[in-house]
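Tertiary structure, described
One-letter residues, chain by chain:
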Protein chains: 2
Amino acid sequence: MKRLVLTVIAAGAALTSLSAAAQFQKPEDAIKYRQSALTVMANHLGRVGAMAQGKAPFDAKAAADNAAIVVTMSKLPWVAFAEGTDKGMPTRAKPEIWKEGAKFKDLQTKMMAEAEKFDAAAKTGSLDNIKAAIGDLGKACKACHDDFRAEKYSAN
Amino acid sequence: MKRLVLTVIAAGAALTSLSAAAQFQKPEDAIKYRQSALTVMANHLGRVGAMAQGKAPFDAKAAADNAAIVVTMSKLPWVAFAEGTDKGMPTRAKPEIWKEGAKFKDLQTKMMAEAEKFDAAAKTGSLDNIKAAIGDLGKACKACHDDFRAEKYSAN
């Protein structure tokens, strides 16, 4: 059974992590993973953002479903900003991430807290609640981007 | 308030979708989103795969947490395989996706069902249950990759 699993996994699922100690085998894997988690998060936040801006009809169920994905994704990227993952593929992560770790962590924590509040707001089904919470979450995203995300991708 | 939300969102969160009708503004957005969702899924599946293979210590709580992310992610990519998203940035999506839609959809449905079973297995806390379920899920991943995923990325 173990051999079957091994074969199937290796053949099929393009798995990037094969041990707990080396969750990401290469810096590139970590960069790709954290960019992916943030891309999915931004997309689902955007779906609710469109409702908050009146650019899409308000759908309370869809807003709550999207917010649940946002809060799940908000927790994922941070483990992938490990030491040594400042390059390996194009990234907008600034070197300051690894120089000002405490500040970076503080901004992560604040964003995750705002994501939880946003999720709670979406669950109330009130568009006004959602508008307030998404504004605060957007500010928490921006606070980290301002200090730790470069305008352009690095060359590698 | 609406203006504040608009400004904050535009400035901070790099949102890719601004209306329900145009969930993805450009084919590139759809391709990036679906690749991101599948990358996150593969990573978390891989973390449990490492336990199933004995390459990482079995941690029932971590396995269940990762499986919950896998099942969430399993549902996301498909909306982003819309008509016209066969190119726009490098992709491994084969043209057959848009020629054999019913078959592609059937394989999505099977994979999502196996992901649900995998999640249920992980919740039991039994490594044997997880090994069986992850093998079936890996086969469902592979079945779709065999027919619909190219070996190499397209040039654009």
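Residues numbered from 1 in each chain as written. Chains lettered and ligands numbered in written order. Predicted model: local features only at pLDDT ≥ 70, side-chain atom pairs only at ≥ 80, totals over all residues. Heavy atoms only, no water.

1. Some details on the side chain of A:His44
Following the sequence through the fold, A:His44 ends up in helix α2 (residues 27–52). By relative accessible area, A:His44 is classed as buried at 1%. (Helix = DSSP H or I, 4+ residues; strand = E, 2+ residues; numbered from the N terminus. Buried < 20%, exposed > 50% of the residue type's maximum accessible area, 1.4 Å probe, protein only.)

2. Quick notes on helix α5 (residues 127–148) of chain A
Residues and elements named next belong to chain A. Under the 1.5 Å per step criterion, the end-to-end length of α5 is 31 Å for 22 residues, consistent within 8% with the ideal 32 Å. The set of residues buried in α5 consists of Ile130, Lys131, Ala133, Ile134, Gly135, Leu137, Gly138, Ala140, Cys141, Cys144 and Phe148. The opening residue of α5, the one whose side-chain oxygen lies 3.3 Å from the backbone nitrogen of aspartate 128, is serine 126. (Expected span 1.5 Å × (residues − 1). Polar contact = N/O pair within 3.5 Å; in protein donor to acceptor, adjacent residues only side chain to side chain.)

3. Regarding the confidence of the model for chain A
Residue and element names in this part refer to chain A. Chain-level pLDDT for chain A is 89 on average; 86% of the residues reach the 70-or-more range. Under a pLDDT of 50 for its full length, residues 1–21 has, in the predicted model, 54 contacts with residues more than four places off or in other chains. Under the prediction, the complex receives an ipTM of 0.86, its pTM being 0.87. (pLDDT = per-residue confidence, 0-100. Contact = heavy atoms within 4.5 Å.)

4. Considerations on the nonpolar core
Ranked by internal contacts, the top residues of the largest apolar core, which has 79 residues, are A:Met73, A:Phe118, B:Met73 and B:Phe118. Counting only elements with at least two residues in this core, the list comes to α2, α3 (60–74), α4 (101–124) and α5 of chain A together with α2 (27–52), α3 (60–74), α4 (101–124) and α5 (127–148) of chain B. If near-sequence neighbours (up to four positions away) are discounted, A:Met73 is found in contact with A:Ala37, A:Val40, A:Met41, B:Val40 and B:Met73. (Core = buried A, V, L, I, M, F, W, Y, C linked by side-chain atoms within 4.5 Å.)

5. A few points about the packing of aromatic side chains
All names here are of chain B. One pass over the full model with this rule turns up twelve aromatic pairs over all chains. On the basis of an interplanar angle of 80° and a centroid distance of 5.9 Å, the ring pair of tryptophan 78 and phenylalanine 104 is categorised as edge-to-face. Residue tryptophan 78 is located in the loop between α3 and α4, and its partner phenylalanine 104 is located in helix α4; the two are separated by 26 residues in the primary sequence. The same class applies to tryptophan 78 and to phenylalanine 104, which are both buried. With a centroid separation of 6.5 Å and 45° between ring planes, the pair formed by phenylalanine 81 and tryptophan 98 is classed as tilted. You can see phenylalanine 81 sitting in the loop between α3 and α4 and its partner tryptophan 98 sitting in the loop between α3 and α4, a full 17 residues away along the chain. (Phe/Tyr/Trp six-rings, centres within 6.5 Å; stacked < 30°, edge-to-face > 60°.)

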